[in-house]
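These are the residues of each chain, in order.
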Amino acid sequence: MNIPASTAALRVIESDICIVGNGAIAKTTALGLAQAGFSVTLLGPPSPPPAPAGSDPGWDARVYALNHTAYRLLTSLKVWGALDASRVAPVDAMIVQGDGAQAGGLGFDAYGARTDTLAWIMEDRNIAQALDAALRFAQNVQQVEGCATALLQTQDSATVQLQSGSCIKSQLVVGADGAQSWVRGQCDIGFDYRSYNQRAVVSNFACELPHHGAAYQWFTGVDGIVALLPLPGNQVSLVWSAPDALADTLRSESAAQIAARLAVYAQEKLGALTPLQPELVRDFPLRLIRPHSMVAQRVALVGDAAHVVHPMAGHGMNLGFADVAQLVKTLSEREPQRSLGDERVLARYARARKEDVLLMQLTTDGLARLFGANIEPLRVARNFGLNLLDKLPAVKRLLISHALGK
């Protein structure tokens, strides 16, 4: 059984790979690389205490729309089957609505995309619990709780020094430590940053009418982007990408007041909305972060450490899972004489991910700019574009195939 180690009792920990991070991407990376036969040290902050036994955790406000790339990876790692299936909702259709009097519309469905489902909506907590359970019994994985203070890179190895005085020595360090990545900062990797001057306001609601597995998204113009994602039963999760001023107002309101605001969009499709947990409304800032490289000397970045995109397409987490799958593939297929941190090996990983990441960055950033502009000619053009695209099934299939991760 894999039991987290106390850094206080350790002097030098040696493994093939050190992964810095504590989220779903970091844990998936650890499992993927360990199952590929590498020894792994997973470094993260101390875990929060578990919820009291028998307590009802409610519905997590942070949810993800996982595509087929994520499904294949988590299935191969035996994690998908460990998820609480009663808290996973398949997305069978997606309906996009434009703004203004001549609002355009666009719809996707699983049948038209020739697949069983478009995506799966699940809570961050559900993924984390399944990954934690897998890690407890994973071979070749040692979990270390501690705070990193320095990263030393040489031609032969990379060493992460810890606040306790211990250190972790490996052939490769993987930065999976989020948008404000410490690893990226230690490597002096520059990045382009732009705030969207928006925050994602999230909460969960019961809906009066069944959602039939449909995800709804409204481009409202001045009020940002409203998305209601299906949860199991007659329940939906809100992700409202709201301008900062509106986000401030929403955060000052109760969930019931937010539900009343949503009626103008959702009443016709979903009926009245009722907060599942009135006190549970969260928000987080939206920004574009584009690091100048995904690799450095004996370092590879994955997930938000490597790229942060607007959440309108729900693919930030999926990009991270695709990073993990590619990194495992690249390291496993390297020539036997090459080290895991070999410059050529890491360059192959970066090249393999460049097109997919760039396409998602350009798409989400372009759409955020287009639908965020409150200019009448642009409003007419974007609504016309939505209607035109809805009438081009071949193009829709191409777009949805990419979004599915196929």
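For the structure itself, look to the data block above.
Residues numbered from 1 in each chain as written. Predicted model: local features only at pLDDT ≥ 70, side-chain atom pairs only at ≥ 80, totals over all residues. Heavy atoms only, no water.

A. Molecular detail of the pattern of salt bridges. Scanning the model with the defined rule gives 14 salt bridges in all. In this structure, lysine 27 engages aspartate 132 in a salt bridge whose closest nitrogen and oxygen atoms are separated by 2.7 Å. Here the residue lysine 27 occupies a position in helix α1 (residues 24-35), and aspartate 132 occupies one in helix α3 (residues 124-136), the gap between them amounting to 105 residues. Lysine 27 gets classed as buried once you look at its relative accessible area, which sits at 8%. For arginine 87, the salt bridge goes to glutamate 123, with nearest N and O atoms at 2.7 Å. (Salt bridge = Lys/Arg side-chain N within 4 Å of Asp/Glu carboxyl O. Helix = DSSP H or I, 4+ residues; strand = E, 2+ residues; numbered from the N terminus. Buried < 20%, exposed > 50% of the residue type's maximum accessible area, 1.4 Å probe, protein only.)

B. Up close: the sheet that holds strand β5 (residues 63-66). Ordered by their spatial adjacency, three strands build an open sheet running β5-β9-β6, and the pairing between neighbours is antiparallel. Only two strands of the sheet have a single neighbouring strand rather than two, namely β5 and β6 (89-91). Ignoring which end each strand starts from, the neighbouring axes of this sheet average 30 degrees apart. Here three bridges tie β6 to strand β9 (residues 119-123), and the two strands are oriented antiparallel to one another. Bridge assignment links proline 90 to a residue of β9, and that residue is tryptophan 120. (Pairing = 2+ DSSP bridges. Axes fitted to C-alpha atoms, helices over the stretch in contact; angles between N-to-C directions.)

C. View of the sheet that holds strand β13 (residues 167-170). Taken together, the four strands give an open sheet; going across it, the order is β2-β13-β12-β11, and neighbouring strands pair in mixed fashion. Each of the sheet's edge strands pairs with one partner strand only, and the pair in question is β2 (12-14) and β11 (148-153). Each neighbouring strand pair of the sheet contributes to a mean axis angle of 20 degrees, computed without reference to strand direction. Across three bridges, the pairing between β2 and β13 is parallel. Within β13, the residue paired with glutamate 14 across the bridge is lysine 169.

D. Structural detail: the packing of aromatic side chains. All told, the structure shown has six aromatic pairs when counted by the stated rule. Their ring planes at 40 degrees and their centres at 6.0 Å tell us that tryptophan 218 and tyrosine 265 sit as a pair that is tilted. Linking tryptophan 218 in strand β16 (residues 214-219) with tyrosine 265 in helix α6 (residues 255-270), this pair joins segments that are 47 residues apart in sequence. By relative accessible area, tyrosine 265 is classed as buried at 19%. Members of the aromatic cluster, each reached through a chain of ring pairs, are Tyr216, Trp218, Trp240 and Tyr265. The ring of tryptophan 59 is capped by arginine 87, whose NZ or CZ atom sits 4.1 Å from the centre of that ring. (Phe/Tyr/Trp six-rings, centres within 6.5 Å; stacked < 30°, edge-to-face > 60°. Lys NZ or Arg CZ within 6 Å of the ring centre and 35° of its normal.)

E. Region of the structure containing the nonpolar core. One finds Ile17, Ile19, Leu66, Val160, Val173 and Leu331 to be the most contacted residues of the largest nonpolar core, which totals 67 residues. If you tally residues by element for this core, the top one is α1, at seven residues. Dropping the residues within four chain positions of it, isoleucine 19 is found in contact with Ala26, Thr29, Ala30, Leu33, Val40, Thr41, Leu42, Leu43, Val174 and Ala176. (Core = buried A, V, L, I, M, F, W, Y, C linked by side-chain atoms within 4.5 Å. Contact = heavy atoms within 4.5 Å.)

F. Inspection of the environment of aspartate 99 at higher detail. By the element assignment, aspartate 99 lies in the loop between β7 (93-97) and β8 (105-109). What makes aspartate 99 buried here is its relative accessible area of 5%. C-alpha separation for the pair aspartate 99 and tryptophan 218, spaced 119 residues apart in sequence, amounts to 7.4 Å.

G. Layout of the side chain of serine 157. Checked against the element boundaries, serine 157 lands in the loop between β11 and β12 (158-162). Apart from residues no more than four positions distant in its own chain, serine 157 is found in contact with Leu152, Lys169, Ser170 and Arg298.

H. Up close: unusual backbone geometry. We note that aspartate 188 has phi near 55 degrees; this positive angle belongs to a residue other than glycine. Mapped onto the elements, aspartate 188 comes out in the loop between α4 (182-186) and β15 (191-207). With relative accessibility at 70%, the residue aspartate 188 sits in the exposed group. The phi dihedral of arginine 298 falls on the positive side, at around 55 degrees, and the residue is not glycine. Structurally, the position occupied by arginine 298 is in the loop between β21 (295-296) and β22 (299-301).

I. Representation of α1. Here α1 contains twelve residues, and its C-alpha end-to-end distance of 16 Å stays within 8% of the 16 Å for a straight helix at 1.5 Å per residue. With respect to burial, α1 is a largely interior element, eleven of its twelve residues being buried. Listing the buried residues of α1 in full gives Ala24, Ile25, Ala26, Lys27, Thr28, Thr29, Ala30, Leu31, Gly32, Leu33 and Ala34. (Expected span 1.5 Å × (residues − 1).)

The values reported here are purely geometric and, on their own, carry no functional implication.
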